[in-house]
Amino acid sequence: MAQVLVIGAGGVGSVAVHKMAMNADIFTGIALASRTKSKCDAIAASVKERTGVDVATYQIDADDVAATTALINDVKPVLVVNLALPYQDLSIMDACLAAGVHYMDTANYEPRDEAKFEYKWQWAYQERFKEKGLMALLGSGFDPGVTSVFATWLKKHKLDTIRTLDILDCNGGDHGQAFATNFNPEINIREVTAPARHWLNGEWVETPALTIRQQFDFEGVGPKNMYLMYHEEIESLKTHLPEIERIRFWMTFGDAYITHLTVLQNVGMTRIDPVVYEGKEIVPLQFLKAVLPEPASLGATTKGKTNIGDIATGLKDGVEKTFYIYNICDHEDAFAETGNQAISYTTGVPAMIGAALVVQGLWKGEGVFNIEQLDPDPFMDMLNQHGLPWQVKELSGPLQF
Ligand code: NDP
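Remember, it's a predicted structure, so these values are computed and weren't measured experimentally.

## What to know about the side chain of Glu110
Topologically, Glu110 is positioned in the loop between β5 (102-105) and α5 (120-123). Classification of Glu110 as buried rests on a relative accessible area of 1%. Within the structure, Glu110 has its side chain in polar contact with the backbone nitrogen of Phe117 (distance 2.4 Å). If we skip the residues at most four places from it in the chain, Glu110 touches Pro86, Tyr87, Ala115, Lys116, Phe117, Glu118 and Arg190.

Below, the structure is given as C-alpha cells:
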C-alpha cells in the first residue's frame, strides 16, 4: 500500500519521486511504476541514498487499462500521478475511474498518429469523474502548470482583468551535445514542428512553425531568440480566463538547434506516420528518438539556467498595468539536488506540489480541472519553499511586439 502511485520513470518522474521523498510528512508512502522496472529501481536506489525513504517499484504497461487498474487496486493509492507520456493519459484516467482514485498529469493526451495538443479528449471525462466524486487535475508541470498558476495569481492579486498574456519559456542551458532535446524527444519535436497558433480576439491565428521570432533579454541568461509556438495551455487559459484578448507562447531555441531541426524535418526524420523499411513499418520520429541522447542522461553535463514566466497586461482599478512574473532555475543546482537537469526539475517539482495539494485535500473537486481553475496561493507558496522561487515585477508598459 502507498498513498501515491507515480507512473513513468523518466526525468520528470525521477524529480517528482525525489521531491516527494524529501517531503515525507506529506507523502506517507510512495510507489513508482513504469514500462521498464529497472529505471524505477534506479530511481528508488537514488532516493534511498539521498533521503533514506523507501519507494516501492512495479513494472506496468500503462496502455493496458486492466493491468493498470489491477496495479492501482493492489497499491491502493489516494492519487495516481501520471508522468509517463501523453499517449497514456486516457488509459490511466480510465484505470483511475475503475479503481476509484484521483488522477493528475503534466501534459495533455495525444493520439499517436497526429500532433494535436488539445484538451478535448480529457475534458470529455468531466461527467465520469464527477459521478464518481473523483478529481482529475490536468497540467501540473511548469508549462502547463506554473505558468498557468502565475496567470491566475496575477489576476487574483495584481490585476482586475488580464487583456494580454505572453508566456516566455527560455532554456539558457548548454548540454554540450550537437543536438538533443531536454524532455522526451518525440513529444518535444512534435510540439516544436507543429504550426504556431496564438489566440487573438476570440479566434486562433495560425502561422508556419518557427517563423515568428523576437529577441528578449532574460534575467540570469541574457538576450535570446524566442519563437512563437502553439502550447496546450493557451487552449485552457482562453477557456478559463475568457476575458483575455491575446495569449501567445514563446520558446527560445539556439541557432544550432534550429539548423538541426530544419535538416531533420527536410529529410523526413520528424514524420509521425509509418514508413516501410526492410519490410517493417517504422515511424521516423520514433527511430530518431532511439538515436538521440536520453533527456535523463543530459543532467551531468548541462550548465546554465532556465527562466520561464508570464508577462500580463491588464487593468487595476481602471489603470493599465503590466507585470512580469518568472522563475529562474539553475541546471547544475537541480542536478546536485535530484540527479536531473532543470527541465525535468521545473516539471517534477510542480508535479510534486500539485500532488501534495490533492493528497492533503487543499485542492479538492469533483470532475476534470485544469490547474488554473484552482486557488493559486498554496501552490505559489510551495514553489517558494520547494526549489522554484518566483519573482514579480511591474514593467513600465506592455510588450512592444
Ligand atoms: P521520458 O521519456 O524521460 O519518460 C517517460 C517515462 O514514461 C519513461 O520512463 C517511459 O518508460 C515511461 N512510459 C512510456 N510509455 C509507457 C507505458 N506505456 N507504460 C508505462 N510507462 C511508460 O519523459 P519525461 O520524463 O521527460 O516527461 C514525462 C512527461 O512529462 C511527458 O508526458 C512530458 O510531455 C511531460 N512534460 C511536461 C512538461 C510541462 O512543463 N508541463 C515539461 C516536460 C515534460 P521507458 O523508460 O520504458 O521508455
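Structure shown, so let's carry the discussion forward.
## Things to note about the UniProt feature "domain: Saccharopine dehydrogenase NADP binding" (unreviewed entry) in the protein chain
Under the UniProt annotation, "domain: Saccharopine dehydrogenase NADP binding" (unreviewed entry) lies at residues 4-137. In residues 4-137, the share of helix is 43% and the share of strand is 19%. The end C-alpha atoms are 14 Å apart.

## Notes on the state of the cysteines
Tallying each qualifying case throughout the model produces zero disulfides. The cysteine Cys40 is free of any disulfide, with Cys96 supplying the nearest cysteine sulfur at 17 Å. Taking the relative accessible area as the measure of exposure, Cys40 reaches 0% and is therefore buried. The exposure class of Cys96 is buried, given its relative accessible area of 0%.

## Things to note about the site of the ligand
Around the ligand, 28 residues are found, and the nearest of them are Arg35, Thr36, Lys39, Ala62 and Asn184. In this structure, Asp61 approaches the ligand through a side-chain N or O atom, which is 3.1 Å from a nitrogen atom. Note that an oxygen atom of the ligand is positioned 2.7 Å from one of the side-chain N or O atoms of Asn184. Taken by itself the ligand offers 930 Å² of open surface, and the protein chains cover 94% of this. By residue class, the composition of the shell around the ligand is 13 nonpolar, ten polar and five charged.

## What to know about the packing of helix α8 (residues 185-193) against helix α10 (residues 255-266)
The contact between α8 and α10 brings their axes to 12 Å, and the two run at 90°. In terms of their interaxial angle, α8 and α10 are classed as roughly perpendicular. Between α8, through Asn188, Ile189, Val192 and Thr193, and α10, the contact on the second element is made entirely by Tyr257, Leu261 and Gln265. Split into classes, the residues belonging to the contact of α8 with α10 amount to four nonpolar, three polar and no charged.

## Digging into the pattern of salt bridges
Under the criterion given, the structure shown has 20 salt bridges. With a shortest N-O distance of 3.2 Å, Asp41 and Lys37 are connected by a salt bridge. Residue Asp41 and its partner Lys37 are both found in helix α2 (residues 37-51); the two are separated by four residues, about one turn of the helix. Exposure remark for Lys37: the relative accessible area of 33% places this residue in the partly exposed category. A salt bridge links Arg248 to Asp166; the nearest nitrogen and oxygen atoms lie 2.6 Å apart.

## Topic: the nonpolar core
Core analysis: the biggest nonpolar cluster contains 87 residues, and Met20, Phe27, Val81, Phe253, Phe379 and Leu383 have the highest contact counts within it. Tallying contributions element by element places helix α13 (residues 342-359) first for this core, with eleven residues. For Val81, the contacting residues outside a window of four places in its chain are Val4, Leu5, Val6, Ile7, Met20, Met104 and Ala355. In terms of nonpolar packing, the next biggest core, distinct from the first, is built from 28 residues, Val75, Ile92, Leu97 and Leu138 among them.

Conventions used here
Residues numbered from 1 in each chain as written. Predicted model: local features only at pLDDT ≥ 70, side-chain atom pairs only at ≥ 80, totals over all residues. Heavy atoms only, no water. Helix = DSSP H or I, 4+ residues; strand = E, 2+ residues; numbered from the N terminus. Buried < 20%, exposed > 50% of the residue type's maximum accessible area, 1.4 Å probe, protein only. Polar contact = N/O pair within 3.5 Å; in protein donor to acceptor, adjacent residues only side chain to side chain. Contact = heavy atoms within 4.5 Å. UniProt positions renumbered as here; feature names shortened; annotations may be inferred. Disulfide = S-S within 2.5 Å. Near = heavy atom within 4 Å. Areas by Shrake-Rupley, 256 points an atom, 1.4 Å probe, with all protein chains shown as cover. Nonpolar A, V, L, I, M, F, W, Y, C, P; charged D, E, K, R; others polar. Axes fitted to C-alpha atoms, helices over the stretch in contact; angles between N-to-C directions. Parallel < 35°, antiparallel > 145°, perpendicular 65-115°, else oblique. Salt bridge = Lys/Arg side-chain N within 4 Å of Asp/Glu carboxyl O. Core = buried A, V, L, I, M, F, W, Y, C linked by side-chain atoms within 4.5 Å.

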